[in-house]
Amino acid sequence: MKLAVPKEIWPGEKRVAVTPDTVKKLIGLGFDVAIEAGAGISAAIPDDRFADAGATIVKTMKTTVKDADVILKVRPPVVDGKTDELAAYKKGAAVIALLDPYDRKDLVEKMAAAGVSSFAMELMPRISRAQSMDVLSSQSNLAGYRAVLDAAHEFGRIYPMMMTAAGTLPPARVVIVGAGVAGLQAIATAKRLGAVVSAFDVRPAVKEQVQSLGGTFIEVEDDDADGETAGGYAKEMSDEYKAKQAAKLKEVLAKTDIVITTALIPGRPAPEIVTADMVAGMKPGSVIIDLAAERGGNVAGAKLGEMVITANGVKIIGPENITSSVATDATAMYAKNLLNFITLSVDKEKGTLAFNAEDQIIAETMLTRDGKVVHPKFGGEEVANG
C-alpha cells in the first residue's frame, strides 16, 4: 500500500499532514510512505527527519502521488485554471483532508468525476469513539490560544494587574463570545495571562466549564434556554432571544478591552453577534479578534485577513488560517488525527485497506466513492454501503 503526502500549495498554509512519528506508525501499518520534498519545512520538519523515519522523499507532486492508494493533505486539492492536483491522483485513491465541502461543492463533484474516494475530516461525528480523530477540536484549541496572543500584540496595554511604585495598572477585561473548544482555550489562556475574563454562549450547559477555567459566564435570561444541537454545536436562536442577547452584550462590551469571537454553526454563515452599534460603544484601543471571519464573521465590519480600525479607534481583526501560525504544534495534532482515522480502516495482518461505509465515522466523513457523490448533504442520495 502506498501513502503519499504532497506539499501544500494552498496560499499561506504551513501545516503538513504527517510528522516523523506518524510516518513510523504508518509504515508499521504496512504503508510505503512517499513525501514531496519540502512538505514539512514550514512546520519545522526538514526532509531528513522524514527520511530518518522511513519515508521516501520525492522531488515533485506528480511523482509523489503516482499510484498512491491514500493521499493525506491538510487543504483540499487545488483545481483551478493553472493547477489540477486531482489529475495526478489515480482512480480509486483515497483523499483524506479538510475538504471544505460546504463552500466547495464544485470540488466535491470534481472529486467524484476523478473517481477518488474522498473523506472530509471536518465532518467527523461528535461521538466518543471519534474524539481522537476530531480535527476541528484539535485545530480550534490552538486557534483559541493564538487569538489571545494576537490580541495581546495589538493591545496597547498589558493583561495582568500590576502594582508598581509609579502606580497600579488595572487588569485587561476580556470577553470570549462562544465557549466551544476555541473559546474555552481562549478563556484559559487569557486567564493565565492575568486578565479578567468573561464569556458568553447560547448553551447554558457550558456555564460550569467557563467557571471552572476562572471565567464569569454572561447570562441572558430567556425561556429559550437550550441553545445546543444534538451534535453539541450552538443552534440558531429566536429573534426574541437575540434582542435580549444584544442588549446584554452591548452593556458588557462597553467596559471590555478585548473581545474574541468564535461562534460558528456548521454549514451556515457565521452569525453576526457583535453589531456595529456594540463596536461603536467600545473604548478606543479595544481589540476584537473574529475567529469566525472565514465564514463571514461574528463581528460587523470584520474583513478576512485584514485589520479594520473603526472611527472610535477599535481594532477589528479577521485572521485567516490562524492555526497555520502555530504550524508545528498544529501539524503534530492534525497528523495524529489522520493516523487514528486511517488506522480504523487498515487490516494490519493482511496488509489491506478497506473503508467500511457502515461504520458511522466512515459514513459521515465520506464524500465521494466509485465515481459518485455519496454523502446525502452534498448531493448523494444515500451513503454508500459495504
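Residues numbered from 1 in each chain as written. Predicted model: local features only at pLDDT ≥ 70, side-chain atom pairs only at ≥ 80, totals over all residues. Heavy atoms only, no water.

In this section: the nonpolar core. One finds Leu26, Leu72, Ile96 and Phe341 to be the most contacted residues of the largest nonpolar core, which totals 65 residues. The element best represented in this core is helix α10 (residues 327–343), accounting for six residues. With near-sequence residues (within four places) excluded, Ile96 lies in contact with Val70, Ile71, Leu72, Lys73, Phe119, Met121, Tyr334, Leu338, Phe341, Ile342 and Phe355. By size, the runner-up hydrophobic cluster in this structure holds 28 residues, among which are Ile187, Ala190, Ala199 and Ile289. (Core = buried A, V, L, I, M, F, W, Y, C linked by side-chain atoms within 4.5 Å. Buried < 20%, exposed > 50% of the residue type's maximum accessible area, 1.4 Å probe, protein only. Helix = DSSP H or I, 4+ residues; strand = E, 2+ residues; numbered from the N terminus. Contact = heavy atoms within 4.5 Å.)

Glancing now at the packing of helix α1 (residues 20–28) against α10. Each packed pair of helices is defined by two parameters, the angle between the axes and the distance between the axes. Where α1 meets α10, the closest approach of the two axes is 9 Å, and the angle between their N-to-C directions is 10°. The angle between α1 and α10 falls in the class roughly parallel. Each of Thr22, Lys25 and Leu26 in α1 lies in contact with α10, whose residues at this interface are Ala335, Lys336, Leu339 and Ile342. Residues that form the contact of α1 with α10 fall into these classes: four nonpolar, one polar and two charged. (Axes fitted to C-alpha atoms, helices over the stretch in contact; angles between N-to-C directions. Parallel < 35°, antiparallel > 145°, perpendicular 65-115°, else oblique. Nonpolar A, V, L, I, M, F, W, Y, C, P; charged D, E, K, R; others polar.)

Here the focus is the pairing of strand β2 (residues 32–36). Among the five residues that make up β2, four are buried, leaving the element largely enclosed by the rest of the structure. As paired strands, strand β1 (residues 2–5) and β2 are joined by four bridges and run parallel to one another. In the strand pairing of β2, Lys2 is matched with Asp32. With respect to chirality, the unit in which β1 leads through α1 into the neighbouring parallel β2 is right-handed. (Pairing = 2+ DSSP bridges. Right-handed = clockwise from strand over helix to strand, strands pointing away.)

To continue, consider the side chain of Ser138. Checked against the element boundaries, Ser138 lands in helix α5 (residues 135–154). The class of Ser138 is buried, set by a relative accessible area of 8%. Within the structure, the side chain of Ser138 is placed 3.1 Å from the backbone oxygen of Val135, a separation counted as a polar contact. Within polar-contact distance, the side chain of Ser138 engages the side chain of Asn337 at 2.7 Å. (Polar contact = N/O pair within 3.5 Å; in protein donor to acceptor, adjacent residues only side chain to side chain.)

Attention now goes to the sheet that holds strand β13 (residues 287–290). Strands belonging to one sheet form pairs held by backbone hydrogen bonds; the direction of such a pair is parallel or antiparallel. Taken in spatial order, the seven strands line up as β11-β10-β9-β12-β13-β15-β14 in an open sheet, and their pairing is mixed. A single partner strand is all that each edge strand has here, and the edge strands are β11 (216–218) and β14 (307–309). In this sheet, neighbouring strand axes are inclined to one another by 20° on average, regardless of whether the strands run parallel or antiparallel. α5 rests against β12 (258–261), β13, β14 and β15 (315–317) of the sheet, and its axis sits at about 150° to β13. The sheet contacts of helix α8 (residues 239–253) involve β9 (173–177), β10 (196–200), β11 and β12, and relative to β10 the element is tilted by about 170°.

Attention now moves to the sheet that holds strand β4 (residues 70–72). A sheet is described by the order of its strands in space; here eight strands give the open sequence β3-β2-β1-β4-β5-β6-β18-β19, paired in mixed fashion. On the outer flanks of this sheet lie β3 (56–58) and β19 (372–373), each paired with one strand and no other. When β2 meets β3, the two strands line up parallel, connected through three bridges. Within the sheet, the bridge partner assigned to Ile35 lies in β3 and is Ile57.

Looking now at helix α4 (residues 105–114). All of the buried residues in α4 are Leu107, Val108, Met111 and Ala112. End-on view of α4: buried residues confined to an arc of 145°, all on one side of the axis. The inward-facing, buried residues of α4 contact β6 (117–120), β18 (366–369) and β19. Of the residues flanking the end of α4, it is Gly115, one or two places downstream, whose phi is positive at about 80°. (Arc of directions from axis to C-beta.)

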